[in-house]
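Structure assessment
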Amino acid sequence: MVRRILARLRTGWRALRAGDRLDADLAREIDAHLQDLADEHVARGMSPADARRAAHQAFGSRAAAEEGSRDARGIAVLEHLARDLRYGWRGLVRQPMLLVAATASIALGVAANLSVYAVANDLLLSVPSAARPDELVHVRTGNGSHVSYAAWTSLEASGAVAGLAGYRIDEQVNWRDGETTVPVTPLVVTPNYFEVVGVPVAAGRGFTPADVARDPRVAVVTDAFRRRSLAGAADVVGRTVTLNGDPYTIIGVLPAGVRSLPGYGIAPDLYLPASRSLLPAIDRPLVPVVQLVGRLRAGQTPDQARDALAAAAARFGESAGDREIGAFVAVARMGGVDQVRDFAAVGAFFLVLLVVATLVLLIACANVAGLLLARSVARRREIALRLALGSSRRRLLQQLLTESLLLAVVGTVAGLALTWLAGRVLASLTLPLPVPIHLAPAFDLRLLAAAGGLVLVTTVFCGLVPALQATRPRLLPAIHQPDAPAAHRRLTMRRLLVAGQVTVSVLLLAVALLFLRNLLRSTTIDPGFDVDRLVVARMTFVEGRQGSPGTRTISRVVGRVRAVPGVTDATFAEGVPLTLMSGSWNGTDLRLGEDAEPTHLEFARNAVGPDYFRTMGIPVRGRGFTEADRTGAPRVVVVNEEFARRYFGDRDAIGSTLVDPRDADPAPRRIVGVAANSKYQLIGEPQRPAMYEPALQSRDVERLMHVIVRAPGATGATLAAIRDAMLAEDASAAVTVEPMRQALAFAFLPSRIGAALLGTLGVLGTTLAMVGLYGILSFSVGRRTKEIGLRMSLGASRGSVIRLVLSEASVLVAAGVVLGLGLALLVTQPLATFLVAGLSPADPATLAGTIALLAAVSLIAAWSPVRRATRIDPTRALRHE
């Protein structure tokens, strides 16, 4: 069986290579056969002319014989395709405007789809740079995404998998560059990280457990850090950099383009081994500090690894008193759907973008289909003659679809070029995020496969309907009157396509305007605190300033800042609302009273300094925190109104106590104030319960703290004076100072990105649809030139001619608007997740704006055909055609 198939392939390949020679041999053989037949007829007494005629009649169709011979070679399909490609390309080249318009439409639609796919692939589905990445798995346990260092040590020693490493990305270290201290983002990893993951190293090497045992002050830097911060020096291995006041020796440099293990485009500056100085809680067996990545054994499945790790986690939990760690263990491979679940909202947003981009491509395909329908009217006589001469409908369909394939291929290639340009632009962008994100959409096999799929989809959507319509003409009318009634049917199909384009455009415009309204609404929402009079300073200390010395240091920093001219108040906080460092989200069991049963509560948490609420401009019923609320004083907390309403109901929360059964300190925390509601993590989030704790009562003060300053009308000089005052306390710290509104750029980033991307796609889709509307009206005016001329010669006014043309446009636009609004009301419902509170997917202002904008754009598209119709000369029009 296999040998026969291979033999046929070899025969077909030889026949294809020798096709011209075999055709010539066949022609000579047929000629010789016909000559023999003619000679026989001459020998029987027929004249040479009659003999040749009789020979041809006896032989039959020469074309059929040639086709049969080619079929016997097994390459007829390829030969037909080659001839159709040559014929189709010559026909398209003779109509350059059609080729350019179709290519531009398809290229824009393809580029929109491929760009969204490439960015989503880069952020959500990319596989880290590692040795044998198919063996790597994410590991999660019952207490969340992170585990304690002691848990990692125990699980690694259990041998449940071939190797288990840990990493952490949400820390910053201070890099001393001459006289300047700059915060940089490391990936803090366990000593065996490079061994387990197999990260490629361009120069030097990665560190090992032996290196860290001898000297934990080693570092591996990325190529970007080498080029940006070390002047691009090639010989950086062996050099020393000062991080957090300590010398670190560079032992390796990663190659350019390395994808980090956290994924989602996160690009750390350098890799550092975990240590007590970088992770102060490294010795606490119940404090989660690292995420886990494992390498499977040969033949081991993720399910087998999960079972082995669950058993090891249960043993550790029993010995360490952590009941949750072994309750749930999940193991998932890298770069798949499981990875997207961590950022489900981001994945849903990209899905919306992909759907919108697909709609843009459908509009582009409808444009091209309309162009091909118009072209089929001009070719009606040609197609009818070919059918009359014996060509099969199947062959004509194949030839017409081949032309559509040519347009799809050329448009997709142009779309790939636009996608590459868009990728270069995205790679050069710097997003306002505390964690470095690097977008690098890659031209890989998955992108090329997606492009190939778009070629097929575009071919079908662009060419199928025109091909089916073109190959159904009535022969005699088509031969004698190429522009007779069938042309009207094609025009009707074009009308349907344009109405469909308008329908999709209404949907695209509704989504785009909805996100634009979302952006405008988000910028005017009151976040619950004073934005315009506040300044935020991020201060990252060197290590060794935790605990009591840290509280004294930050208090002195706040005192220095208060003395700056123009500053009316200042405080500090662990997190700043609506930034990436906004505090934490807790889900835990608390007793609402010393004798009450534990109740599961979920709330936002932040540790703040004295006078926090006064400085932020947040009203408080009861009292806020003072300098007296420090270690040794009675433990107190402040909750917000939503916390009090949700968990205390009609009872007054002030004076009530909260007890954490798992807290090492059994003393209850008394609620001393109820703060007004405000936003915490997202500007459009529903109101969340929140709890504030006095930072001076914390066992630790975080190395990264935020100093919040009230400074009405702060100028650049004020910001510089605040920075100098903070550095006067600790010159080794890294300090950045910016107005609060600028610091909140992260909170508005999703709305801005959504408005920009969906707005661009909406404008693109509407433009393509209006091009289609312009084309149908221009075609209609051209087809009705004689009719319009006759009307004008009989006394029709310009106004009546304008109404005649606009009535056609109005019907198409009205039908599309009605269908589009219904579709928009249905499709925009899932977008409610991304909208600010109070803005509905069925927002009346958005829908009204969509209708008004589409009507205005439709009038612009109709203006040129209307003007041309009113300028028709009746005398010349009557002689038309």
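Residues numbered from 1 in each chain as written. Predicted model: local features only at pLDDT ≥ 70, side-chain atom pairs only at ≥ 80, totals over all residues. Heavy atoms only, no water.

**So, the environment of Pro 302**
Summarising the element assignment, Pro 302 is placed in helix α11 (residues 302-320). Spatially, the C-alpha atoms of Pro 302 and Val 331 are 5.8 Å apart, while their sequence positions differ by 29 residues. (Helix = DSSP H or I, 4+ residues; strand = E, 2+ residues; numbered from the N terminus.)

**Some thoughts on the packing of aromatic side chains**
Any aromatic ring pair is given by two values, namely how distant the centres are and how the planes are angled relative to each other. Enumeration over the complete set of coordinates arrives at 14 aromatic pairs. On the numbers, 6.1 Å between centres and 40° between planes, the contact of Tyr 193 with Tyr 271 is tilted. Of this pair, Tyr 193 sits in helix α8 (residues 193-197) while Tyr 271 sits in strand β10 (residues 270-273), placing them 78 residues apart in sequence. Taken individually, Tyr 193 and Tyr 271 each receive the classification buried, so the pair is uniform in this respect. Aromatic pair Tyr 612 and Phe 613: ring centres 5.3 Å apart, planes at 85°, arrangement edge-to-face. Across the pair, exposure class does not vary: Tyr 612 and Phe 613 are buried alike. What links up through ring pairs into an aromatic cluster is the set Tyr 612, Phe 613, Phe 625, Tyr 680 and Tyr 692. (Phe/Tyr/Trp six-rings, centres within 6.5 Å; stacked < 30°, edge-to-face > 60°. Buried < 20%, exposed > 50% of the residue type's maximum accessible area, 1.4 Å probe, protein only.)

**Re the environment of Thr 103**
Among the secondary structure elements, Thr 103 is positioned in helix α6 (residues 96-124). In sequence terms Thr 103 and Ala 414 are 311 residues apart; their C-alpha atoms lie 7.4 Å from each other.

**A short note on a nonpolar patch on the surface**
On the surface, Leu 108, Leu 418, Trp 420, Leu 421, Phe 443, Leu 445 and Leu 448 cluster together into a nonpolar patch covering about 670 Å² of accessible area. At the level of secondary structure, the elements contributing two or more residues to the nonpolar patch comprise α15 (393-427) and α16 (445-470). By residue number, the principal contributor to the nonpolar patch is α15, which donates 3 residues. Position of Leu 418 relative to the elements: it lies in helix α15. (Patch = residues over 30% accessible without salt bridge, like charges linked within 9 Å, V, L, I, M, F, W, Y side chains within 5 Å. Areas by Shrake-Rupley, 256 points an atom, 1.4 Å probe, with all protein chains shown as cover. Salt bridge = Lys/Arg side-chain N within 4 Å of Asp/Glu carboxyl O.)

**Details of the environment of Ala 690**
If you trace the backbone, Ala 690 turns up in strand β21 (residues 690-694). Not counting chain neighbours up to four residues away, the residues in contact with Ala 690 comprise Phe 603, Ala 604, Val 638, Val 639, Asn 640, Phe 643 and Tyr 680. (Contact = heavy atoms within 4.5 Å.)

**Notes on the pattern of salt bridges**
By the definition in use, this model includes 28 salt bridges. For Arg 205, the salt bridge is made with Asp 211, and the minimal N-O distance between the two is 2.6 Å. By relative accessible area, Asp 211 is classed as buried at 7%. Arg 306 is the partner of Asp 307 in a salt bridge, and the nearest nitrogen-oxygen pair spans 3.5 Å. Look at Arg 306 and you get partly exposed, because its relative accessible area is 31%. In the salt-bridge network here, residues are joined through shared partners; they are Arg 562, Asp 569, Asp 611 and Arg 614.

**A closer look at helix α3 (residues 48-59)**
The terminal C-alpha atoms of α3, which comprises 12 residues, lie 16 Å apart, in line with the 16 Å expected from a rise of 1.5 Å per residue. Among all positions of α3, only Ala 51, Ala 54 and Ala 55 are buried. Buried residues along α3 cover an arc of 105° about the axis, so they all sit on one side. (Expected span 1.5 Å × (residues − 1). Arc of directions from axis to C-beta.)

**Things to note about unusual backbone geometry**
Excluding glycine, most residues fall at negative phi; most peptide bonds, likewise, are trans. Here Ala 231, not a glycine, exhibits a phi torsion of approximately 60°, which is positive. Here Ala 231 shows up in the loop between α10 (223-229) and β8 (240-243). Although it is not a glycine, Asp 611 adopts a positive phi angle of roughly 65°. Its place among the elements puts Asp 611 in the loop between β16 (598-608) and α20 (612-616).

**Examining the nonpolar core**
Leu 164, Leu 243, Leu 272, Leu 292 and Leu 309 are the most contacted members of the largest nonpolar core, which has 44 residues in total. Sort the elements by how many residues they give to this core and α11 lands first, with 5 residues. Once residues within four sequence positions are removed from consideration, Leu 309 is found in contact with Val 139, Leu 155, Ala 160, Val 161, Leu 164, Val 329 and Val 331. Membership of the second largest hydrophobic core comes to 43 residues, among which are Ala 357, Ile 363, Leu 758 and Leu 764. (Core = buried A, V, L, I, M, F, W, Y, C linked by side-chain atoms within 4.5 Å.)

**Digging into helix α26 (residues 798-827)**
When the terminal C-alpha atoms of α26 are compared, their 42 Å separation across 30 residues agrees well with the 44 Å that a helix rising 1.5 Å per residue should span. Of all the bends in α26, the greatest measures close to 25° and is centred on Leu 806. Along α26, the residues classified as buried are Val 801, Leu 804, Val 805, Glu 808, Ala 809, Leu 812, Val 813, Gly 816, Val 817, Gly 820, Leu 821 and Ala 824. (Bend = angle between axes of the 7 residues up to and from the residue.)

**Examining the side chain of Asn 640**
Inspection of the secondary structure puts Asn 640 in strand β18 (residues 636-640). By relative accessible area, which is 0% here, Asn 640 ends up buried. At 2.8 Å, the side chain of Asn 640 and the backbone oxygen of Arg 688 are in polar contact. Not counting residues within four places of it along the chain, the set of residues in contact with Asn 640 comprises Val 674, Ala 675, Ala 676, Asn 677, Tyr 680, Gln 687, Arg 688, Pro 689 and Ala 690. (Polar contact = N/O pair within 3.5 Å; in protein donor to acceptor, adjacent residues only side chain to side chain.)

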